[in-house]
Amino acid sequence: TPHIAGHSFDGKANGTNQIYRQICEWTGVEPTWDPSPCLPEPDVPEIEIDARSRADEDVLREAVFRVYPILEDDGRFRQAMANPDPDARAETFRALRKNYPRRREFKWTTVRLRNGSDALAEALRGLTFGVEMG
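The model shown is predicted, which means the values in this text are computed figures rather than measured ones.

Participant: Describe in detail the overall build of the protein chain, supporting the description with residues and values.
Facilitator: When you go through the protein chain residue by residue, the secondary structure sums to five helices and three strands. Reading the protein chain from its N end, one meets helices and strands in the order α-β-α-α-α-β-α-β. Scaling as 2.2 N^0.38, a compact globule of 134 residues should have a C-alpha radius of gyration of about 14 Å, whereas the protein chain reaches 19 Å, well beyond that. Principal-axis analysis of the C-alpha atoms gives the protein chain an extent of 50 × 50 × 25 Å. A burial count over the protein chain gives 27% of its 134 residues as buried. A total accessible area of about 9100 Å² is found for the protein chain, and carbon and sulfur atoms account for 53% of it. Charge-centre separation for the protein chain: the mean point of 19 positive side chains lies 3 Å from the mean point of 23 negative side chains.

Structural data, given as structure tokens:
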């Protein structure tokens, strides 16, 4: 099925780095390029969440949605695919892919978690968020 894939900026940089290293290996050249300096600062470096009287799933959802507004992706995609003209759908889809919003991975965001359980903190870490309890 058609999809935009939602690749993070980090995923694109990592893919480029893997190809670069494979070419270096194939050509016998020592790899020297490091993509890290090319990566932008995260848009959401930290989040404060109070988990008091909230289900863990609600807290997890909030953390994810604050870094990656996946429902906005879904809405743009659904709107594009609703056009009855297949040529217009294809053009809109290409435009969505070409202009996909920059997004960093969860590991670049620290969740400052108040009133959260150890299990909730572990679940956030499992999604690769940094977690500070407090």
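Participant: So what's going on with the packing of helix H2 (residues 56-67) against helix H5 (residues 118-126)? Residues and values would help.
Facilitator: H5 packs onto H2 with a crossing angle of 35 degrees between their chain directions and a minimal axis gap of 10 Å. Taken as a pair, H2 and H5 cross one another with a handedness that is right-handed. For the pair formed by H2 and H5, the contact residues are Asp56, Val59, Leu60 and Ala63 on the first element and Leu120, Ala123 and Leu124 on the second. Each residue belonging to the contact of H2 with H5 can be placed in one class, and the counts come to six nonpolar, no polar and one charged.

Calculation criteria
Residues numbered from 1 in each chain as written. Predicted model: local features only at pLDDT ≥ 70, side-chain atom pairs only at ≥ 80, totals over all residues. Heavy atoms only, no water. Helix = DSSP H or I, 4+ residues; strand = E, 2+ residues; numbered from the N terminus. Rg over C-alpha atoms; globule rule 2.2 N^0.38 Å. Buried < 20%, exposed > 50% of the residue type's maximum accessible area, 1.4 Å probe, protein only. Areas by Shrake-Rupley, 256 points an atom, 1.4 Å probe, with all protein chains shown as cover. Lys, Arg positive; Asp, Glu negative; His and termini not counted. Charge placed at Lys NZ, Arg CZ, Asp CG, Glu CD. Axes fitted to C-alpha atoms, helices over the stretch in contact; angles between N-to-C directions. Left-handed = near helix turned anticlockwise from the far one by under 90°. Contact = heavy atoms within 4.5 Å. Nonpolar A, V, L, I, M, F, W, Y, C, P; charged D, E, K, R; others polar.

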